[in-house]
Amino acid sequence: MRLPSRVLLREVGPRDGLQNEPPVPTAGKVALIDALSKTGLQRIEAVSFVHPRAIPQMGDAERVWSEITRHEGVEYSALVPNLTGARRALDVGVRSLEVVVSASERHNQVNVNRSTAESLAEIEAVVDLAHSVGATCQVIIATAWGCPYEGDIPVSRVVSIARAALDAGADTLAYGDTTGMATPTRVEELVETTRASLPTVPLALHFHNTRGTGLANVLAALQLGVTEFDASVGGLGGCPYAPGASGNIATEEVVHMLEDMGVETGVDLDLLLDVAAQAERLVGHQLPSQVLRAGPRTRTVAS
């Protein structure tokens, strides 16, 4: 099996994870991000600049952003839902933005109360604003492998939206498996079709483990040469469309699997497991990470 020698992980627990939990104190968020910054992770999605009425868990975004300790070599990013959010983020110094559009028309309407075309039109303004101050902007295409309202989304539609996002000026793309509907063969089909149509675009993948296929999807993507993935410490997060189901793939599970397969992540697994335990204490309930429960495969017990 031929795999890349190294991958780049983006930790999304502080944003994508905590927004699915009851609000936690600002100090707890800052401590979590600061601890993650010491593990060797090179990218951390720290906050989201959404309206507090929409997601009250992210209502302290400015405070969190101003209080975290930035480490050299770590890129801190923020999700913005629209032009207003982008202005807020850029005003406090964020220079790595992410903006989301859904491949599913129905999901986009439910999520941001506008059509996919309307979202793409505003994305162009967000990208222009970001570039005007030297910031970058990644477009994340949600429901790329299926929608809880519409079911399967044609691959051709996802790639068409990806092309439109690039035409709008996006620096990079990410595909999001919003409710864990991807399987390895579906990952192969979408990645290969994207590569055939848009061969030079940097592509990251964001998998959920809602139906237990998260790590299998990572492996399928690795075999196609994908080297950028999102993950969430402890498996923080969830799926609002599948109550009780897990959401994001756990960062420590990705690190544990890849490092054992000879794929470098640059992440200290022992430190990361300590942070996963910290995240579990922060939210006050058990997180779904199996590596957090059992420990790495190299751990032994007394007979």
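Heads up: the structure comes first, above all this text.
Residues numbered from 1 in each chain as written. Predicted model: local features only at pLDDT ≥ 70, side-chain atom pairs only at ≥ 80, totals over all residues. Heavy atoms only, no water.

A. Expanded view of the packing of aromatic side chains. Under the defined criterion, the tally for this structure stands at two aromatic pairs. Aromatic pair Trp-145 and Tyr-175: ring centres 6.1 Å apart, planes at 90°, arrangement edge-to-face. Taken together, the residues span a long stretch of sequence, with Trp-145 in the loop between strand S5 (136–142) and helix H7 (155–167) and Tyr-175 in strand S6 (residues 172–176) at a distance of 30 residues. What makes Trp-145 buried here is its relative accessible area of 5%. Grouped by ring-pair contacts, the aromatic residues Trp-145, Tyr-175 and Phe-207 constitute a single cluster. Between the NZ or CZ atom of Arg-70 and the centre of the ring of Trp-65, over which it lies, the distance is 4.6 Å. The ring centre of Tyr-149 lies 5.5 Å from the NZ or CZ of Arg-106, which sits over that ring. (Phe/Tyr/Trp six-rings, centres within 6.5 Å; stacked < 30°, edge-to-face > 60°. Helix = DSSP H or I, 4+ residues; strand = E, 2+ residues; numbered from the N terminus. Buried < 20%, exposed > 50% of the residue type's maximum accessible area, 1.4 Å probe, protein only. Lys NZ or Arg CZ within 6 Å of the ring centre and 35° of its normal.)

B. Spatial organisation of the packing of helix H9 (residues 214–223) against helix H10 (residues 251–260). Contact pair H9 / H10: the axes reach a minimum separation of 11 Å and the direction vectors enclose 45°. If you check the angle between H9 and H10, you find them oblique. The crossing of H9 and H10 is right-handed. For the pair formed by H9 and H10, the contact residues are Leu-215, Val-218 and Leu-222 on the first element and Glu-253, Val-254, Met-257 and Leu-258 on the second. Along the lines of polarity and charge, the residues of the contact of H9 with H10 split into six nonpolar, no polar and one charged. (Axes fitted to C-alpha atoms, helices over the stretch in contact; angles between N-to-C directions. Parallel < 35°, antiparallel > 145°, perpendicular 65-115°, else oblique. Left-handed = near helix turned anticlockwise from the far one by under 90°. Contact = heavy atoms within 4.5 Å. Nonpolar A, V, L, I, M, F, W, Y, C, P; charged D, E, K, R; others polar.)

C. Focus on unusual backbone geometry. One non-glycine residue, Asn-113, lies in positive phi territory at about 60°. Topologically, Asn-113 is positioned in the loop between helix H5 (105–112) and helix H6 (116–132). A relative accessible area of 65% means that Asn-113 is categorised as exposed. Despite not being glycine, Thr-143 shows a phi value in the positive range, around 50°. One can find Thr-143 in the loop between S5 and H7.

D. Here's a closer look at helix H8 (residues 184–197). Taking 1.5 Å of rise per residue, the 14 residues of H8 would be expected to cover 20 Å, and the 20 Å separating its terminal C-alpha atoms lies within 8% of that figure. Three or more residues of H8 are buried, namely Val-187, Leu-190, Val-191 and Thr-194. For H8, the arc enclosing every buried residue in end-on projection is 95°, short of the 170-degree limit, so these residues lie on one face. H8 presents Thr-185 and Ala-196 as exposed residues on the side facing more than 90 degrees away from its buried surface. (Expected span 1.5 Å × (residues − 1). Arc of directions from axis to C-beta.)

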